[in-house]
Amino acid sequence: MTVRPEWLDYNGHMNMAYYAVLFDEAADEIYPVLGFGPEYQKTGFTTYTAEFHICYLRELHEGDPVTVTLQLLDFDEKRFHIYQEIHHTDGWCAATGESMGLHIDQSGPRVAPMPGEILARVRALHKAHENLPWPERAGRSIGIKRKQ
């Protein structure tokens, strides 16, 4: 993907909101592989993002070419924990994103177990990622540390 001119803020770099756009567009590429594409939503089930954390590491500017990676860290029958990184094509990491996704029955809406065939695809992706190292920035919390 490439940083678009309309994504810039008054500081001349990519606005914070568009990092989330890049992470979301990358997830949209893997979702159909897992069975969560637009057609799945028509079945009465979908996914929601319950939580998303972004760490901004380096500025991106108009025209910067980037690649977004995705690693499935963990899952159960109703949830999936994903870690992503935005890399400039020069090799440096511009931002990290971490999310907790939920499988949703839209009739509630409520969190619900994934159907077996989708759970099998999520399990296969997790198996493919299980030997990847745990990302150093995964699991971070936010807060102001006070001296006691």
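These numbers were taken from a predicted model, which means no experiment stands behind them.

Trainee: Would you mind showing me how to read the overall build of the protein chain here?
Mentor: For the protein chain, the count of helices and strands is three helices and five strands. From first element to last, N terminus to C terminus, the protein chain shows the α and β order α-α-β-β-β-β-β-α. Seen through its principal axes, the protein chain has C-alpha atoms that stretch 45 × 45 × 30 Å. Counting every position in the protein chain, which comprises 148 residues, the buried fraction comes to 39%. A separation threshold of at least 6 residues defines the contact pool for the protein chain, and within that pool the share at least 24 residues apart is 66%. Only carbon and sulfur atoms are counted for the fraction: they give 51% of the accessible area of the protein chain, which is about 9100 Å². Placing the 14 positive and 21 negative side-chain charges of the protein chain at their respective mean positions leaves the two points 8 Å apart.

Trainee: Can you help me understand the packing of aromatic side chains in this one?
Mentor: Aromatic rings in a pair are described by how distant their centres are and how their planes are angled relative to each other. All chains considered together, the criterion is met by eight aromatic pairs. When the centroid spacing of 6.1 Å and the interplanar angle of 80° are considered together, the rings of Tyr31 and Phe80 count as edge-to-face. Here Tyr31, found in helix α1 (residues 16-34), pairs with Phe80, found in strand β3 (residues 79-88); they are 49 residues apart in sequence, far enough to count as distant. Note that Arg58 overlies the ring of Trp92, its terminal NZ or CZ placed 3.9 Å from the centroid.

Trainee: I'm lost on the pattern of salt bridges in this one. Help?
Mentor: Pairing between side chains of opposite charge can happen when the charged atoms of each approach one another. Tallied over the entire structure, the rule returns four salt bridges. Where Arg110 meets Asp105, a salt bridge forms, and the shortest distance between an N and an O atom there is 3.2 Å. On the accessibility criterion, Arg110 (45% relative accessible area) is partly exposed.

Trainee: How should I be thinking about the state of the cysteines in this particular structure?
Mentor: The term disulfide refers to a covalent linkage connecting the sulfur atoms of a pair of cysteines. Scanning the entire structure with this criterion turns up zero disulfides. This cysteine, Cys55, is not joined by any disulfide, and Cys93 carries the nearest cysteine sulfur, 9.4 Å off. Look at Cys55 and you get buried, because its relative accessible area is 18%. With a relative accessible area of 19%, Cys93 lands in the buried category.

Trainee: What's the story with the pairing of strand β4 (residues 93-105) in this structure? I'm lost.
Mentor: On a regular strand, one side chain projects to one face of the sheet and the next to the other, so that they alternate. Most of β4 is tucked away, with 12 of its 13 residues classed as buried. Alignment of strand β1 (residues 45-56) against β4, held across 11 bridges, turns out to be antiparallel. Its bridge partner lying in β4, Phe52 is registered against Ser99. In this sheet, β4 lies alongside β3 in antiparallel orientation, the contact comprising nine bridges. For Arg79, the partnering residue across the bridge sits in β4 and is Leu102. Where β3 folds back onto β4 in an antiparallel hairpin, the turn is made up of four residues, including Gly91, whose phi is positive at roughly 110°. Hairpin remark: β4 followed by strand β5 (residues 110-111), antiparallel, with four residues in the connecting loop.

Trainee: So what exactly am I meant to see when it comes to the side chain of Thr46 here?
Mentor: Position of Thr46 among the secondary structure elements: in strand β1. In this structure Thr46 touches Tyr40, Gln41, Leu102, His103, Ile104 and Gln106, once residues within four positions along its chain are discounted.

Trainee: I would appreciate a short explanation of the packing of α1 against helix α3 (residues 116-129) in the present structure.
Mentor: Helix-helix packing is characterised by the crossing angle of the two axes and by the distance between the axes. Between α1 and α3, whose axes approach to 9 Å, the crossing angle comes to 125°. In this view, α1 runs oblique relative to α3, as classed from their interaxial angle. Along its contact with α1, which presents Ile30, Pro32, Val33 and Leu34, the element α3 presents Ile118, Arg121, Val122 and Leu125. Its residues assigned to classes, the contact of α1 with α3 shows seven nonpolar, no polar and one charged.

Trainee: Is there a simple way to think about the environment of Pro115 in this case?
Mentor: Examined against the element boundaries, Pro115 turns out to sit in the loop between β5 and α3. Every residue in contact with Pro115, bar those within four places of it in the chain, is listed here: Tyr40 and His103.

What counts and what doesn't
- Residues numbered from 1 in each chain as written.
- Predicted model: local features only at pLDDT ≥ 70, side-chain atom pairs only at ≥ 80, totals over all residues.
- Heavy atoms only, no water.
- Helix = DSSP H or I, 4+ residues; strand = E, 2+ residues; numbered from the N terminus.
- Buried < 20%, exposed > 50% of the residue type's maximum accessible area, 1.4 Å probe, protein only.
- Contact = heavy atoms within 4.5 Å.
- Areas by Shrake-Rupley, 256 points an atom, 1.4 Å probe, with all protein chains shown as cover.
- Lys, Arg positive; Asp, Glu negative; His and termini not counted.
- Charge placed at Lys NZ, Arg CZ, Asp CG, Glu CD.
- Phe/Tyr/Trp six-rings, centres within 6.5 Å; stacked < 30°, edge-to-face > 60°.
- Lys NZ or Arg CZ within 6 Å of the ring centre and 35° of its normal.
- Salt bridge = Lys/Arg side-chain N within 4 Å of Asp/Glu carboxyl O.
- Disulfide = S-S within 2.5 Å.
- Pairing = 2+ DSSP bridges.
- Axes fitted to C-alpha atoms, helices over the stretch in contact; angles between N-to-C directions.
- Parallel < 35°, antiparallel > 145°, perpendicular 65-115°, else oblique.
- Nonpolar A, V, L, I, M, F, W, Y, C, P; charged D, E, K, R; others polar.

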